[in-house]
There are 2 protein chains.
Amino acid sequence: VTLQQVEGEDEVGETAAPAAGRRREIRDAAARIFAEKGYDAASIQDVADAVGMLKGSLYHYIRAKDDLLFEIVAGVHDDAIRNVTAPGADDGDALARIRTFVERHVLFNTQNLTAIAVFFRDFLALREERRHEILAARDRYTALLRDLVAEGQREGLVCPDVDPGIAALAVLGMTNWVYQWYDPAGRRSGAQIAAAMADFAVAGLACDPATHRPGHRGAAGRLPA
Amino acid sequence: VTLQQVEGEDEVGETAAPAAGRRREIRDAAARIFAEKGYDAASIQDVADAVGMLKGSLYHYIRAKDDLLFEIVAGVHDDAIRNVTAPGADDGDALARIRTFVERHVLFNTQNLTAIAVFFRDFLALREERRHEILAARDRYTALLRDLVAEGQREGLVCPDVDPGIAALAVLGMTNWVYQWYDPAGRRSGAQIAAAMADFAVAGLACDPATHRPGHRGAAGRLPA
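Residues numbered from 1 in each chain as written. Chains lettered and ligands numbered in written order. Predicted model: local features only at pLDDT ≥ 70, side-chain atom pairs only at ≥ 80, totals over all residues. Heavy atoms only, no water.

**Student:** Is there a simple way to explain the relation of the copies chain B and chain A in this structure?
**Tutor:** The pair of chain copies shares a relation made of a rotation about an axis and a shift along it. By a simple turn and slide, chain B fits onto chain A: the slide is 0.0 Å along the axis, the RMSD is 0.0 Å, and the turn is 180°. Overall, the copies show the geometry of a two-fold rotation axis. The share of interface residues of chain B whose copies in chain A are also at the interface is 98%, consistent with both copies meeting through the same surface. (Least-squares fit on C-alpha atoms with pLDDT ≥ 70 in both. Contact = heavy atoms within 4.5 Å.)

Quick look at the structure:
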């Protein structure tokens, strides 16, 4: 079962397109309610009330609260993958592709704050096999960025001293964390934050092979021993 | 009321030192239980069982589950502040102080995974005035790093194009995120991860005034328009 397949289930008695729209509406309402009340405190009745359906009709789409959580978490992950792999992702050298990845990922996060918050706070509440599926999907997402960093090293654009695994987790940390503090009404737009983070990531990874000396990154700003 | 003061309450009938040790033991047990079961699902009885006390005796130390959560969250924050402001924090130029801050903060996180996870996942469950107190304390912590970045700009060591507010949140994001993926049994030690993140942060912020041109960070790895 792929994450995408969950989208296609249960459209009994409706054509696929309206059912998909309804599922999306249910998923968005559930994300808002889980984000506000917390997953444990929220009920299926709350979600039914929010979308104006009887609880019995909602069971046509989902069987249990865990299904709703999985729809949110798998759905936001699928959207995130589509976002960073959309046309343009492969344009330019590895530094350009890292910049594109970071800008797209940050913009996506600022535009999907509610679902992202549920993703990171509540995915541990999923039952075990679904939790493992999501963790595996997160690992594949991380690997996209780790591979870009390693590719940048092969191209001579990313400092050879960088550990691609730690670098990918560092960049995803700084960009995922945006859901903790981003204010859509704040003075900095999502695009400004995305550009600043892309600048930071590129500057933090790049170095010039002509001036590179092993360990130079660790020596910058280092106190004398 | 400061965050520290909560530590000193309720030591009726005991000398302060053993009571403080017992409070710490209760706090650590509660953090483990909240991290495992989730705050909503955990009960005061679970915590009493974990420390081998009767529930009635536990009420000698705390009045409600919210008190336990606040002890954990305020306690880990106080420890984190002491960690980054301990002697040595002011040594060297601003880049050296940024390096010290990042290394200490990452090491602290890798050594306090359980309490950090509760801090970030569950502080929203605190009742309102306590939640605001914690958010204000987090803002002060962020300001420590933001001020270091701004100081680095005055010293001509940090790129003038950097937004100190976004930079501080970016660095805290990448370093806080460690609780999501760090594995104490993994092949990279906390010290190695701390050093890699400090290298990344310093490289991501620094630039040479002699070669600085406005916007050069945004131009690196930028596709032609």
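On we go from here.
**Student:** Explain the pattern of salt bridges here, please?
**Tutor:** When the charged atoms of two side chains with opposite charge come close together, those side chains can pair. Counted by the stated rule, this structure contains 34 salt bridges over all chains. Linking E103 of chain A and R222 of chain B is a salt bridge whose minimum nitrogen-to-oxygen distance equals 3.6 Å. Highlighted residues: E103 of chain A in helix 5 (residues 94-111) and R222 of chain B in the segment after helix 11 (216-219), drawn from two different chains. For E103 of chain A, a relative accessible area of 21% puts it in the partly exposed group. As a salt-bridge pair, R127 of chain B and E129 of chain B come within 2.9 Å of each other at their nearest N and O atoms. Residues joined by salt bridges that share partners form a network here, namely R24, R27, D28, D79 and R82 of chain A. (Salt bridge = Lys/Arg side-chain N within 4 Å of Asp/Glu carboxyl O. Helix = DSSP H or I, 4+ residues; strand = E, 2+ residues; numbered from the N terminus. Buried < 20%, exposed > 50% of the residue type's maximum accessible area, 1.4 Å probe, protein only.)

**Student:** It is not clear to me how the interface of chain B and chain A should be interpreted in this structure. Could you clarify?
**Tutor:** Interfaces are often sized by the amount of accessible area the parts lose when they come together. Residue-level contacts link 44 residues of chain B with 44 residues of chain A. Taking both sides of the interface into account, the surface hidden between chain B and chain A amounts to around 3800 Å²; carbon and sulfur atoms contribute 65%. Counting every contact that joins chain B to chain A gives four salt bridges. A salt bridge links D163 of chain B to R188 of chain A; its shortest N-O distance comes to 2.8 Å. Here chain B is connected to chain A by nine residue pairs in polar contact (both at pLDDT 80 or more). Every element with two or more residues in the side of chain B that touches chain A is listed here: helix 5 (94-111), helix 6 (113-122), helix 8 (164-176), helix 9 (178-181), helix 10 (190-205) and helix 11 of chain B. (Buried area = accessible area lost by both parts, 1.4 Å probe. Polar contact = N/O pair within 3.5 Å; in protein donor to acceptor, adjacent residues only side chain to side chain.)

**Student:** Where do I start with the state of the cysteines in this structure?
**Tutor:** Each disulfide consists of a covalent bond between the sulfur atoms of two cysteine residues. This structure, assessed with the given rule, holds zero disulfides over all chains. C159 of chain B takes part in no disulfide bond, and the closest cysteine sulfur to it belongs to C207 of chain B, at a distance of 3.6 Å. (Disulfide = S-S within 2.5 Å.)

**Student:** What am I meant to see in the nonpolar core here?
**Tutor:** One recurring pattern in soluble globular proteins: nonpolar side chains tend to sit buried together. Grouped together as the largest cluster of nonpolar side chains are 140 residues, with contacts concentrated most on F34 and M197 of chain A together with F34 and M197 of chain B. Ignoring any residue separated from it by four or fewer positions in sequence, one finds M197 of chain B in contact with I166 and A170 of chain A together with V102, V106, M174, T175, V178 and W181 of chain B. (Core = buried A, V, L, I, M, F, W, Y, C linked by side-chain atoms within 4.5 Å.)

**Student:** It is not clear to me how the packing of helix 5 of chain B against helix 10 of chain B should be interpreted in this structure. Could you clarify?
**Tutor:** Each packed pair of helices is defined by two parameters, the angle between the axes and the distance between the axes. All names here are of chain B. Orientation of helix 5 relative to helix 10, taken along the N-to-C sense of each, is 145°, at an axis distance of 8 Å. Judged by the sense of rotation from one axis to the other, the crossing of helix 5 with helix 10 is right-handed. Residues L95, I98, R99, V102, E103, V106, L107 and T110 of helix 5 pack against G190, A191, I193, A194, A195, M197, A198, D199, A201, V202 and L205 of helix 10. Residue composition of the contact of helix 5 with helix 10, by class: 14 nonpolar, two polar and three charged. (Axes fitted to C-alpha atoms, helices over the stretch in contact; angles between N-to-C directions. Left-handed = near helix turned anticlockwise from the far one by under 90°. Nonpolar A, V, L, I, M, F, W, Y, C, P; charged D, E, K, R; others polar.)

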